[in-house]
Amino acid sequence: MITLKSPREIKEMQKSGQILAGMHIGLRDIIKPGISSWEIEKFARKYFKEHDAIAEQIGFEGYKYATCVSVNDEICHGFPRKNLILKDGDLVKVDTVVNYHGAMSDSCWSYVVGKSTPEIDRLMEVTKNALYLGIEQAQVGNRIGDIGAAIQHYVEDENGYGDVREFIGHGIGPTMHESPNVPHYGEAGQGVRLKEGMTITIEPMVNIGGWEAEMDDPNGWTARTADGSLSCQYEHTIAITKDGPKILTSQDPERDKKYLLDD
């Protein structure tokens, strides 16, 4: 079922999104060589508690953590781990969902630990650009396929990277995952038509190598690139409005200026 939100509900989701964005911004000072990925989990839990928010992932289908912390070839759903020590050049993806007084927001961000490389820098740039190309297609009257087609063409045809198929964006609010599905691949002009009041996530996962994922981890959750290549992800929660797509989890008011809700 697709739920259409009122302007008031979207503003509440923005408050949730601001908390989530603040947590991600705080991680810039936390993520460094020598820490365990569990420190990310600890920081997120503390931040959400201090801001009167709930880490919605805890307990979802048995998941035990506030965050997913996926490193290098882990595409998504990596567990935060006390025995995983981060080192220079690791590519870390942190994904989490926040519930603030019933309003949901979902965002993943990628971080390079310590010293980066040109290869990692390019992968991160292409993945973030893909996210924003998808956001630009999230207009009233467009279709879900327009989002996926724009991302796939840029990632695969223009840059030769793998555009993950197994994991996709989704509707959000009042529950964490709901209709419509939002693939990051597809055909323009196909799929559900976007309407004012829809709230969705756009969250491309991009691999340096092929797009295929392996999902045979013993923990039952973590997905990795089938060829062992690096994977990157960026995700925003978006509201579809008559004034265009609005980012509810913005970390960069300058870059996102055209996509922010009016006060």
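These figures come from a predicted structure and were not determined experimentally.

Asker: Could you clarify how one ought to interpret the packing of aromatic side chains in this entry?
Answerer: Given two aromatic rings, their pairing is described by the distance between the two centres and the angle made by the two planes. Summed over the entire model, instances satisfying the criterion amount to eight aromatic pairs. Between tyrosine 63 and tyrosine 65 the ring centres are 5.4 Å apart and the planes differ by 80°, which places this aromatic pair in the edge-to-face class. The pair formed by tyrosine 63 and tyrosine 65 is uniform in burial state, with each residue classed as buried. Centroid distance tyrosine 65 to phenylalanine 79: 5.1 Å. Interplanar angle 55°. Geometry classified as tilted. Note that tyrosine 65 is positioned in the loop between β1 (54-55) and β2 (68-71) and phenylalanine 79 in the loop between β3 (74-76) and β4 (91-100), a separation of 14 residues in sequence. As far as the burial class goes, tyrosine 65 and phenylalanine 79 line up, both buried. Three or more aromatic residues joined by ring pairs make a cluster, and in this case those are Trp38, Tyr63, Tyr65, Phe79 and Trp221. In this arrangement the basic side chain of arginine 165 is found over the ring face of tyrosine 185, its NZ or CZ atom lying 5.5 Å from the centre.

Asker: Would you explain a nonpolar patch on the surface in this entry?
Answerer: Together, Ile2, Leu4 and Val192 make up a nonpolar patch on the protein surface, roughly 230 Å² of accessible area in all. Summarising the element assignment, valine 192 is placed in the loop between β8 (178-182) and β9 (199-202). Classification of valine 192 by relative accessible area gives partly exposed; the value is 37%.

Asker: What exactly am I supposed to notice about unusual backbone geometry here?
Answerer: Between glycine 173 and proline 174 the backbone carries a cis peptide bond, its omega angle lying at 5°. By the element assignment, proline 174 lies in the loop between β7 (169-171) and β8. In this structure, proline 180 follows serine 179 across a cis peptide bond, with omega equal to 5°. Along the chain, proline 180 turns up in strand β8. Positive phi, close to 60°, is recorded for aspartate 52, a residue that is not glycine. Along the chain, aspartate 52 falls in the loop between α2 (38-50) and β1. In this structure aspartate 52 comes out as partly exposed when scored by relative accessible area, which is 49%. Backbone geometry places glutamate 61, a non-glycine residue, at a positive phi of 50°. With respect to the secondary-structure elements, glutamate 61 resides in the loop between β1 and β2.

Reading guide: rules and limits
- Residues numbered from 1 in each chain as written.
- Predicted model: local features only at pLDDT ≥ 70, side-chain atom pairs only at ≥ 80, totals over all residues.
- Heavy atoms only, no water.
- Phe/Tyr/Trp six-rings, centres within 6.5 Å; stacked < 30°, edge-to-face > 60°.
- Buried < 20%, exposed > 50% of the residue type's maximum accessible area, 1.4 Å probe, protein only.
- Helix = DSSP H or I, 4+ residues; strand = E, 2+ residues; numbered from the N terminus.
- Lys NZ or Arg CZ within 6 Å of the ring centre and 35° of its normal.
- Patch = residues over 30% accessible without salt bridge, like charges linked within 9 Å, V, L, I, M, F, W, Y side chains within 5 Å.
- Areas by Shrake-Rupley, 256 points an atom, 1.4 Å probe, with all protein chains shown as cover.
- Salt bridge = Lys/Arg side-chain N within 4 Å of Asp/Glu carboxyl O.

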